[in-house]
Protein chains: 2
Amino acid sequence: MSVTELGIVQGVELPTRELLETLTNKWTLPVLCALHETSPMRHGELRRQLDGVSQKMLTATLRTLERDGIIERTVYPEVPPKVEYRLSGLGTSLAAIFSLLQLWAADHASDVQAHRSDSDAVGAPQEKLSAGHRHRGALTA
Amino acid sequence: MSVTELGIVQGVELPTRELLETLTNKWTLPVLCALHETSPMRHGELRRQLDGVSQKMLTATLRTLERDGIIERTVYPEVPPKVEYRLSGLGTSLAAIFSLLQLWAADHASDVQAHRSDSDAVGAPQEKLSAGHRHRGALTA
DNA sequence: CAGTATCCCCTGAGATACTG
DNA sequence: CAGTATCTCAGGGGATACTG
């Protein structure tokens, strides 16, 4: 019999591209880099350190990472509640790469910015693509 | 006088986080990895190799990367048009990191999938977060 | 403290058609 | 071939209020 007969495995396979996409969520990299530096960390610590996350997105990110086996979540049955997050083995190898990326970005942000200024000055008005369209209420109001 | 008086420089600084976010667009990694393997590549080559990109998104991605000095764009004034893209020095260092990421994903996709199945089977119905809400016409109809 | 529940806004990204 | 112009929409992501 095939595994699919068990009625559990529906996703025939997980494409690399798809996995990559879940890893490129807005807060995945910041979270992993934070845990790469200090681990374990509590929910609140992460919240503070990340500066800008909403509880919702932080929780969502953490849940997804936990589901994928990238991080581990430990609940301490105390009151008030205490929950710790730490990288798994899998997560550690991933976090190492993300840290490289973050380093690269920090190192080269000024280069990129400089190049942007050049482009702005010399070349095109560069509305990126499909700019000037304006949606319903994009007036920043 | 300050530079801002020139009316050109408004962005005081480019935060690392922001740069990172532009790098985590859906097609940035695939494009850079492709160019990391073979360079230069023509627009059409990239389109075919990436499999799934729309012209619009490919162009947008390439334009952004060019603007940021990650890739270089060469137009050959022929007919029919011929445009080649290649990594810049900056881009090469970035692409190397992205290639690591892609490798990681390819290597560990099965691990992740296995862990997902475990979670599905054992734990929670796991509607991720804010599932079951349903937007305007989210009936997939 | 950690997490859920809602509501709502963009905007990233796809589909399609057209141009030099 | 390479690129632009539009239109459309799903859903990622933010804000706020509430609960064990």
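Basis of the calculations
- Per chain, residues are indexed from 1 in the order of the written sequence.
- Both sets of labels track the order of writing: A upward for chains, 1 upward for ligands.
- Two thresholds apply to this predicted model, a pLDDT of at least 70 for residue-level local features and 80 or more for giving and counting side-chain atom pairs, whereas whole-chain, interface and lining totals are computed over all residues.
- Side-chain numbers come from the whole structure's heavy atoms, not from hydrogens or water.
- A pair of Phe, Tyr and Trp rings is counted when the ring centres sit within 6.5 Å of each other, with Trp represented by its six-membered ring. The angle between the planes then sorts it: under 30 degrees is stacked, over 60 is edge-to-face, the rest tilted.
- By definition here, charges over rings are those cases where NZ of Lys or CZ of Arg is within 6 Å of the ring centre and within 35 degrees of the ring normal.
- We superpose the copies by least squares over the C-alpha atoms of residues that have a pLDDT of at least 70 in both of them.
- It only takes one pair of heavy atoms within 4.5 Å for two residues to be counted as in contact.
- At least two DSSP bridges between two strands are needed for those strands to be called paired.
- Helix and strand labels come from DSSP, where a helix needs a run of H or I of at least four residues and a strand needs a run of E of at least two; each type is numbered from the N terminus.
- UniProt positions are given in the numbering used here, feature names are shortened, and annotations may be inferred rather than shown by experiment.
- Only protein chains enter the accessibility calculation, which uses a 1.4 Å probe. A residue is then buried if its area is under 20% of the maximum for its type, exposed if over 50%, and partly exposed in between.
- Put simply, a salt bridge is a Lys or Arg side-chain nitrogen that is within 4 Å of an Asp or Glu carboxyl oxygen.

Visitor: Explain the packing of aromatic side chains here, please?
Guide: Think of a pair of aromatic rings as described by two things: how far the centres are apart, and how the planes are tilted against each other in angle. The final tally for this structure, using the stated rule, is zero aromatic pairs over all chains. A cation over a ring is seen here: Lys82 of chain A above Tyr76 of chain A, with NZ or CZ 5.0 Å from the ring centre.

Visitor: What exactly am I supposed to notice about the relation of the copies chain A and chain B here?
Guide: Note on the chain copies: they are related by a rotation about an axis and a translation along it. You can overlay chain A on chain B at an RMSD of 0.0 Å; the transform is a turn of 180 degrees with a shift of 0.0 Å along its axis. Seen this way, the second copy is the image of the first under a two-fold rotation axis. Scanning chain A for the C-alpha nearest the rotation axis identifies Thr24 of chain A, at a separation of 2.7 Å. The residues that chain A uses at the interface reappear at the interface of chain B in 100% of cases, marking a shared surface.

Visitor: Looking at this structure, how should I read the sheet that holds strand S3 (residues 82-87) of chain B?
Guide: Residues and elements named next belong to chain B. What the three strands build is an open sheet, ordered S1-S3-S2; its pairing is antiparallel. The sheet is open, and its two edges are formed by strand S1 (41-42) and strand S2 (71-76), each paired on a single side. Where S2 and S3 come together, six bridges link them in antiparallel fashion. Each bridged residue has a counterpart across the sheet, and for Thr74 the counterpart in S3 is Glu84.

Visitor: What's the story with the UniProt feature "domain: HTH hxlR-type" (unreviewed entry) in chain A in this structure? I'm lost.
Guide: The UniProt entry lists residues 14-113 of chain A under the feature "domain: HTH hxlR-type" (unreviewed entry), expressed in the numbering used here. Overall, residues 14-113 of chain A shows 64% helix and 14% strand. The separation of its end C-alpha atoms is 36 Å.

Visitor: Looking at this structure, how should I read helix H2 (residues 28-37) of chain B?
Guide: Because each turn of an α-helix spans 3.6 residues, side chains separated by three or four positions end up pointing in the same direction. A large share of H2 of chain B lies buried, amounting to eight of its 10 residues. Among the residues of H2 of chain B, those classed as buried are Thr28, Leu29, Pro30, Val31, Leu32, Cys33, Ala34 and Leu35 of chain B.

Visitor: How should I be thinking about the pattern of salt bridges in this particular structure?
Guide: Opposite charge on two side chains permits them to pair, given that their charged atoms come into close proximity. Counting across every chain of the model gives eight salt bridges over all chains. Arg86 of chain A is the salt-bridge partner of Glu84 of chain A, the closest N and O atoms lying 3.1 Å from each other. The network of salt bridges with common partners includes Arg67 and Asp68 of chain A together with Arg116 of chain B.

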